[in-house]
Amino acid sequence: MTNPESQYRTCHEDCSSEICPSSTPASASENSKEFDKYAVLGGGGKRPPHLKNSCLLCDFDGTVTTRDSFFPFILTLFLVSPSWVIALKSLALLSMGFLRLKDAASCKARLLALYLEGLSSVQIEQRSSLFLALIFNRMLSSISSAESEYAAELQSRPEVSRALAAIKARCFEYHRHHLSLIPKDISFKDSESFVRTHVVLRMLMPEFRPFFLYKAAKASAAGSISAIVSASPDIYLAPIAKAMGMELICTTCRFDGGYFAGYFSSENCNGRVKKAMIIARWPELKPADHVSADKAAPESNADTDDDEADSVSACRCAPEHGSTACTVSVYGNSRADYAMLELASSHAHAHLNDFVKHGISSSISSWISLLRVHQYLKNTFVFIPLFFAGQFFDSEALVDTVWVFAAFCLCASLIYVLNDLKDAARDRLHSHKRYRAIASGRVSRSAALVGALVLAAGAAAISMMLNQLTALLCLCYVALNLVYIYKAKNIALIDIIFVALGFNLRVFAGAAAIEIQVSEWLVLMVFLLSMFLVTGKRWDDLGRPDSTRLRASMYGYNKEFALSTLTFLSAVNTVCYILYSMDGDVTARIGSEYLYITALWVVMGNLRYLQNIFVFRKCFSPTKALTGDPVLLSCVLIWGLHMTVLIYF
């Protein structure tokens, strides 16, 4: 058996230069240039073997494994070389990544640089030994599960059984090798504290799905190509891929003179970069021009501002190499894998989470996805009247408003379930909506109908606990959205007006619950702000080549109209707020003549949103407009803090 240490060194020495000069001749084609651009680990930049009868492409974190592997890797690096200064820096980087103040690739590179910059591949191997020893232990356990779970198949196919045994033998060698490299001062037997630490580490370590170990063995036995495609770094993925006998396409660390330079030599292998790297590795997979399968029917949403990931086209037909058709199966677990899934031979060969056994946790995840829990942020508009009335710290009024919030959350989820039930057949034709809970079969139609009845009953029960006007407004909200999903969403202008009215109904319900009068200023500003945000989303939709297939109402929009509307609404909304902040009755009620200063944050927020649309070419739904941009979120939070000081102190 090949020495694992020499394999580990070779994989990093091969990647010591950003582009292997010998990999592409001078007269390179366009595909070869693309290969150079996305030169990645797995062959050291050398042209990989041609595709044969089939190809298996798998995401790693959450797909081949049950959870993320990068955080446990960083944790083991800290345990091997503890430093509280570095720990604080790591925490700061993780926080910035979580808040999106820094892009994921930069945070990942800086985290690795904190622990490994300037180290040789041998030193890095030693630092990584604790993680790799634990991960190979996990893999050995999962291989045993695969042997038990697929016993019948392995018995009938001895070549697959031998391939799985070979994977097991490599894992055992790698496990033993890395155990011997763990520094003595953190040995498994040193002290009770470290034993407890390793127990926690074992709990954090991702488990391997037996299904993919069996698939890797099956591909190896058939002589087919199988590859791990991941955003995780090659520093620890290289030995894992070698042990599984799979090719590796991932984020590549830069080594200069055999030492880690502290940054990546490739782009972060995520989203559409995954697809580009795969095509660079195997140009045969580059899809030909085609008509998308989702052209047959326009896309529909339960709510106009329910954002989706970037539109992706339907799966391609099987690529060919020579005269032999190659069946490409792709497995992923998140929206970041949508682009990679486009390379699958057909819809039947594109798998998004359908390999997960439907236990309690996966069922909960499916229902959370169906109910659109992430959209509940929009229902916080019911708290606006409470806040401006100065009653936020009134416990009785706060409790009533919380009940209204709960009722609107149930109503919103009810609308989403009904929409998905109505459009299930159409969603199955779409390249990424087919992964929705009902369309994909993760939640049955009968279960969804029962869920809809439970949601309706829950919303009605909560509404009846409040006053009659609040219950009536909840009913109006449901009726408005039913008209929307069945008719209004297909009519330009009417669609965005319906969404804006939905936000106003939330505000009216919040005011009715605590029995106060809604200011005309508040009604106007909420309506204008909602129109502004949703029009920005339409602008983003118009930038897509298949915009008219995204929504039927898109036939009534063009970029010139959207631009004029955005400019108009931004100006009117800003002027409206400035007039509100200078109104004598308003300043008297709030008790401050400095309310007009808060207009600064409103102007900055408007400009930032327009900058996102026109300069950075990115736009979000009203929900993600706040959560997706830290600068805009900061403007809103500072405005909220400023208003809190003026109203309550």
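Okay, so let's go over this structure. Source: prediction; values computed, not measured.

1. Some points on the packing of aromatic side chains
Phase 1: Tallied over the full model, the rule gives 24 aromatic pairs.
Phase 2: An aromatic cluster of three or more residues is present, and its members are Phe387, Phe388, Phe392, Phe393, Trp521, Tyr577, Tyr580, Trp639 and Tyr648.
Phase 3: The positively charged end of Arg506 is found above the aromatic ring belonging to Phe503, 4.8 Å away from the centroid.

2. Overview of unusual backbone geometry
Phase 1: Although it is not a glycine, Arg372 sits at a positive phi angle of roughly 55°.
Phase 2: With respect to the helices, strands and loops of the structure, Arg372 is situated in the loop between helix 16 (360-371) and helix 17 (384-388).
Phase 3: The backbone phi angle of Glu515 is positive, close to 55°, even though this residue is not glycine.
Phase 4: Along the chain, Glu515 falls in the loop between helix 22 (494-513) and helix 23 (520-542).

3. Concerning the pairing of strand 5 (residues 259-264)
Phase 1: Bridging between strand 4 (residues 253-256) and strand 5 involves 3 bridges; their strand directions are antiparallel. Note that in strand 5 the partner of Phe255 across the bridge is Phe260.

4. Things to note about the packing of helix 27 (residues 599-614) against helix 29 (residues 630-648)
Any two packed helices are characterised by how steeply their axes cross, that is the angle between the axes, and by the distance between the axes.
Phase 1: Where helix 27 meets helix 29, the closest approach of the two axes is 9 Å, and the angle between their N-to-C directions is 165°. Compared by their axis directions, helix 27 and helix 29 come out roughly antiparallel. Two packed elements cross with a definite hand, and for helix 27 against helix 29 that hand is left-handed. Seen from helix 27, the contacting residues are Trp601, Val602, Met604, Gly605, Arg608 and Tyr609; seen from helix 29, they are Val631, Leu632, Cys635, Ile638, Trp639 and His642.
Phase 2: Partitioning the contact of helix 27 with helix 29 into residue classes produces 9 nonpolar, 2 polar and 1 charged.

5. Examining the side chain of Ser69
Phase 1: Assignment of secondary structure puts Ser69 in the loop between helix 3 (60-64) and helix 4 (70-80).
Phase 2: A distance of 2.8 Å separates the side chain of Ser69 from the side chain of Tyr236, its partner in a polar contact.
Phase 3: In this structure Ser69 touches Phe60, Asp61, Phe131, Pro206, Ser232 and Tyr236, once residues within four positions along its chain are discounted.

6. Side note on helix 14 (residues 272-281)
Phase 1: Buried residues dominate helix 14, accounting for 9 of its 10 residues.
Phase 2: Buried within helix 14 are the following residues: Val273, Lys274, Lys275, Ala276, Met277, Ile278, Ile279, Ala280 and Arg281.

7. Some thoughts on the environment of Phe383
Phase 1: Turning to its location among the elements, Phe383 is positioned in the loop between helix 16 and helix 17.
Phase 2: With relative accessibility at 17%, the residue Phe383 sits in the buried group.
Phase 3: The contacts of Phe383, once residues within four sequence positions are left out, are Phe392, Leu398, Thr401, Val402 and Phe405.

8. Section: helix 10 (residues 158-181)
Phase 1: Counted at 1.5 Å a residue, the expected span for helix 10 with its 24 residues is 34 Å, and the 35 Å between its end C-alpha atoms agrees.
Phase 2: Within the sequence span of helix 10, burial applies to Val160, Ala163, Leu164, Ile167, Cys171, Tyr174, His175, His177 and His178.

9. Focus on the pairing of strand 2 (residues 225-233)
Phase 1: With 9 of its 9 residues buried, strand 2 lies for the most part within the structure.
Phase 2: Neither face of strand 2 is left uncovered, since the one carrying Ile225, Ala227, Val229, Ala231 and Pro233 and the one carrying Ser226, Ile228, Ser230 and Ser232 both have all their residues buried.
Phase 3: For strand 1 (residues 54-58) and strand 2, the ladder comprises 4 bridges, and the chain directions are parallel. Residue pairing across strands places Cys55 opposite Ile225, the latter belonging to strand 2.

About the cut-offs
Residues numbered from 1 in each chain as written. Predicted model: local features only at pLDDT ≥ 70, side-chain atom pairs only at ≥ 80, totals over all residues. Heavy atoms only, no water. Phe/Tyr/Trp six-rings, centres within 6.5 Å; stacked < 30°, edge-to-face > 60°. Lys NZ or Arg CZ within 6 Å of the ring centre and 35° of its normal. Helix = DSSP H or I, 4+ residues; strand = E, 2+ residues; numbered from the N terminus. Pairing = 2+ DSSP bridges. Axes fitted to C-alpha atoms, helices over the stretch in contact; angles between N-to-C directions. Parallel < 35°, antiparallel > 145°, perpendicular 65-115°, else oblique. Left-handed = near helix turned anticlockwise from the far one by under 90°. Contact = heavy atoms within 4.5 Å. Nonpolar A, V, L, I, M, F, W, Y, C, P; charged D, E, K, R; others polar. Polar contact = N/O pair within 3.5 Å; in protein donor to acceptor, adjacent residues only side chain to side chain. Buried < 20%, exposed > 50% of the residue type's maximum accessible area, 1.4 Å probe, protein only. Expected span 1.5 Å × (residues − 1).

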